[in-house]
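# Coordinates in review
Residue-level listing of the chains:
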Amino acid sequence: MRMSASRKSFIAFNYIFLALLSLLCLFPLIHMLALSFSSGAAAAAGKVGLWPVEFTTAAYKNIMNKPQYLTAFGVSVQRLALGTLIGMVLTIITAYPLSKENRSFQFRTVYAWFFVFTILFGGGLVPWFMTIRQLGLMDSIWALVLPGAVSVFNVILLLNFYRGLPKELDESARMDGAGHFRTLWSIIVPLSKPALATVGLFTMVLHWNSWFDGLILMNRPEHYPLQSFLQTIVIQRDMRFIGADDVELLKQISDRTSSAAQIFVASVPILLVYPFLQRFFIKGIVMGSVKE
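In this text the structure is predicted, and so the values were computed from the model without any measurement.

## So, the overall build of the chain
Along the chain, the regular secondary structure elements total 15 helices and zero strands. Looking at the chain as a whole, 39% of its 292 residues are labelled buried. Within the chain, counting contacts between residues at least 6 apart in sequence, those at least 24 apart form 70% of the total. A total of about 17500 Å² of accessible surface is found on the chain, and carbon and sulfur atoms cover 68% of it.

## Focus on unusual backbone geometry
The phi dihedral of Phe107 is positive, around 65°, even though this residue is not glycine. On the basis of relative accessibility, which here comes to 53%, the residue Phe107 falls in the exposed class.

## Some points on the pattern of salt bridges
Evaluation of the coordinates by the stated rule reveals four salt bridges. Between Asp170 and Lys100 there is a salt bridge; the shortest N-O distance is 3.2 Å. Within this pair, whereas Asp170 is found in helix H9 (residues 167-175), its partner Lys100 is found in the loop between helix H4 (67-98) and helix H5 (108-120), the two being separated by 70 residues in sequence. With a shortest N-O distance of 4.0 Å, Arg220 and Glu222 are connected by a salt bridge. Of the residues examined, Glu222 reaches a relative accessible area of 42% and is grouped as partly exposed. In the salt-bridge network here, residues are joined through shared partners; they are Asp139, Arg220 and Glu222.

## Here we look at the packing of aromatic side chains
In this description, an aromatic ring pair is defined by two values, namely the gap between the centres and the angle between the planes. Inspection of every chain in the model, using the stated rule, returns ten aromatic pairs. Their ring planes at 50° and their centres at 5.9 Å tell us that Phe153 and Phe202 sit as a pair that is tilted. Of the two residues, Phe153 is situated in helix H8 (residues 152-163) and Phe202 in helix H11 (residues 193-209); the sequence distance between them amounts to 49 residues. Classification of Phe202 by relative accessible area gives partly exposed; the value is 26%. Measuring from ring centre to ring centre gives 5.9 Å for Trp211 and Phe212, while their planes differ by 90°; the resulting arrangement is edge-to-face. Members of the aromatic cluster, joined through ring pairs, are Phe37, Phe55 and Tyr60.

## A few points about the side chain of Ser99
Take Ser99: it is sitting in the loop between H4 and H5. Contacts of Ser99, omitting those with residues within four sequence positions, involve Arg108, Leu159, Tyr162 and Arg163.

## Some thoughts on helix H10 (residues 180-191)
An ideal rise of 1.5 Å per residue puts 16 Å on twelve residues; H10 measures up with 15 Å between its terminal C-alpha atoms. All buried positions along H10 are accounted for by Thr183, Leu184, Ile188 and Val189. Viewed along the axis of H10, the buried residues span an arc of 140°, placing them on a single side of the element. Each element contacted by the buried residues of H10 is listed here: H4, H8, H9 and H11.

## Overview of the packing of H4 against H10
Running from N to C, H4 and H10 point in directions that differ by 105°, and their axes come no closer than 11 Å. Relative to H10, the element H4 is oriented roughly perpendicular. When H4 is examined against H10, the residues Ile92, Ile93 and Tyr96 are found in contact with a partner set consisting of His180, Thr183, Leu184, Trp185, Ile188 and Val189. The class makeup of the residues in the contact of H4 with H10 is seven nonpolar, two polar and no charged.

## Notes on the environment of Leu165
Mapped onto the elements, Leu165 comes out in the loop between H8 and H9. The class of Leu165 is buried, set by a relative accessible area of 15%. For the pair formed by Leu165 and Ser192, sequence separation is 27 residues and the distance between their alpha carbons is 8.9 Å.

## Concerning the side chain of Thr84
Assignment of secondary structure puts Thr84 in helix H4. Those residues in contact with Thr84, other than ones at most four positions away along the chain, are Arg79, Thr203, Met204 and His207.

Thresholds applied
- Starting afresh in each chain, residues are numbered from 1 along the sequence in its written order.
- The predicted nature of this model means local features are confined to residues of pLDDT at least 70 and side-chain atom pairs, given and counted, to a pLDDT of 80 or more, with totals for whole chains, interfaces and linings taken over all residues.
- The side-chain figures draw on all heavy atoms in the structure; neither hydrogens nor water molecules are used.
- Secondary structure elements are taken from DSSP: a helix is a run of H or I of four residues or more, a strand is a run of E of two residues or more, and numbering for both begins at the N terminus.
- Partly exposed residues are those whose accessible area sits between 20% and 50% of the maximum for their type, while under 20% is buried and over 50% is exposed, using a 1.4 Å probe and protein chains only.
- Whether two residues are in contact is decided by their heavy atoms, any of which lying within 4.5 Å being enough.
- What sets the accessible areas is the Shrake-Rupley method with a 1.4 Å probe; for residues, cover comes only from the shown protein chains.
- A side-chain nitrogen of Lys or Arg and a carboxyl oxygen of Asp or Glu constitute a salt bridge if their distance falls within 4 Å.
- Whether two aromatic rings pair depends on their centres lying within 6.5 Å, for rings of Phe, Tyr and Trp, where Trp uses its six-membered ring; planes under 30 degrees apart make the pair stacked, over 60 edge-to-face, and the rest tilted.
- How far a helix is expected to stretch is found by multiplying one less than its residue total by 1.5 Å.
- To be clear, the arc concerns the directions from the helix axis to the C-beta atoms.
- In this description, a line fitted to the C-alpha atoms serves as the axis of each element, helices being fitted only across the stretch in contact, and the angle between N-to-C directions of two axes falls anywhere from 0 to 180 degrees.
- Angles below 35 degrees are treated as roughly parallel, those above 145 as roughly antiparallel, those between 65 and 115 as roughly perpendicular, and all remaining angles as oblique.
- All residues other than Ala, Val, Leu, Ile, Met, Phe, Trp, Tyr, Cys, Pro, Asp, Glu, Lys and Arg, Gly among them, are scored as polar; the first ten of these are nonpolar and the last four charged.

If you want it as structure tokens, here you go:
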């Protein structure tokens, strides 16, 4: 069936419009990249557009050429690995029973509302901090991983995806003698790749971008994750991380160039992971959205 001229024009207009919209979304990132490679004087004078002015890598040297940076990067990688693994396992085994009907899982609604309640109401920062301290998690990697291990949003996303799967799969597995754990890990999880990729990406971004909990839960600077470390040297300019050799370097940069460098250094790992998960992302978030 041949398309009419008006239909072809409409499709061409959509492609052009979406391409221009995509370029508009890229312009701020390109501008920030140009800022990060420009001198502090050029950035302060507003001379930087989409291309670096007075090209320099001083902003990156300021945050990367020190042992504390590598240590903080290692802490973030450790947090990302542990946090994603523990978060995904707990989210999967929490969402699976909540996706069942009330006749299969008694008091399912009560448990579901228990989780929803935590979205609407929270104890606040002080009780949260006191709980972590009383559990003996302070100044350890577990203080960054365990308190936020289960995201209720991810649980809701995943349980709705499970509810969209054919119920005959579960019934046939039970008839063959498979228990709940065998059914979950052998049948349900392999069929849930789009939703799991979406939840996994959300979990990784959450752990990689978190900085506030590192500042208040870590007593020693060498235990800071990367985002907390960058926040201290770029935003607060903590003098504990600035040596005599850095004084001359700081004259070549400004807050704008340092912030731009911070954004890109912190974004690179997620930007590398996202292309591999993007093909699952849209399908997972749509199929796992709240259903009537």
